Amino acid sequence: MSESPIPQPSRRYVVAIWITAVVIGGVVGTALGLLIQNVWIGLAVGAAVVALVGFSSVLAARREGRGTVEGAPPWTGDAAPRHHNGAT
């Protein structure tokens, strides 16, 4: 039996994730920088938010298995009898 490949999100999906992460990080960093009136802290927090949102979203898309068999619920396909009534 061959191993199933690790699901990979599409390139368009990854680009959309990172654009969204940059926008969110920019807004949070700017707001915090203006709130505490310190540019460097605003830049650091903005960069941290970009990294956190971007990487977590990409990893979540991989884990979810978008468009793959791994993304299907466990009660579908061949595994259905095992999950519902214990049949083998």
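Here we look at the overall build of the protein chain
Check the secondary structure of the protein chain and you find 3 helices and 0 strands. In the protein chain, the order of α-helices and β-strands from amino to carboxyl end is α-α-α. Across the 88 residues in the protein chain, those meeting the buried criterion constitute 19%. Counting contacts in the protein chain only where the partners sit at least 6 residues apart, residues at least 24 apart contribute 65% of the total. For the protein chain, the exposed surface amounts to about 6,900 Å²; the carbon and sulfur share of it is 66%.

Some remarks on the environment of Ile24
Summarising the element assignment, Ile24 is placed in helix H1 (residues 11-36). Judged by relative accessible area, which is 36%, Ile24 ranks as partly exposed. With 26 residues separating them in the primary sequence, Ile24 and Val50 have C-alpha atoms 7.0 Å apart. In this structure, Ile24 is in contact with Val49 and Val53, ignoring residues within four places of it in sequence.

Description of H1
End to end, H1 covers 37 Å across 26 residues, agreeing with the expected 38 Å (1.5 Å per residue, within 8%). Looking one or two places after H1, you find Gln37, whose phi comes out positive at around 55 degrees.

Some remarks on unusual backbone geometry
Positive phi values are uncommon outside glycine, yet Gln37 reaches one of about 55 degrees. Examined against the element boundaries, Gln37 turns out to sit in the loop between H1 and helix H2 (39-64). In this structure Gln37 comes out as exposed when scored by relative accessible area, which is 73%.

Here's the deal with the confidence of the model for the protein chain
Averaged over every residue, the pLDDT of the protein chain is 77; the share at 70 or more is 61%. The weakest mean pLDDT in the protein chain belongs to helix H3 (residues 80-84) at 52; the strongest belongs to H1 at 91.

Thoughts on a nonpolar patch on the surface
On the surface, Val15, Ile19, Val23 and Val27 cluster together to form a nonpolar patch covering roughly 360 Å² of accessible area. Inspection of the secondary structure assignment puts Ile19 in helix H1. Under the relative-accessibility criterion, Ile19 is labelled exposed at 52%.

Reading the values: rules and limits
Residues numbered from 1 in each chain as written. Predicted model: local features only at pLDDT ≥ 70, side-chain atom pairs only at ≥ 80, totals over all residues. Heavy atoms only, no water. Helix = DSSP H or I, 4+ residues; strand = E, 2+ residues; numbered from the N terminus. Buried < 20%, exposed > 50% of the residue type's maximum accessible area, 1.4 Å probe, protein only. Contact = heavy atoms within 4.5 Å. Areas by Shrake-Rupley, 256 points an atom, 1.4 Å probe, with all protein chains shown as cover. Expected span 1.5 Å × (residues − 1). pLDDT = per-residue confidence, 0-100. Patch = residues over 30% accessible without salt bridge, like charges linked within 9 Å, V, L, I, M, F, W, Y side chains within 5 Å. Salt bridge = Lys/Arg side-chain N within 4 Å of Asp/Glu carboxyl O.

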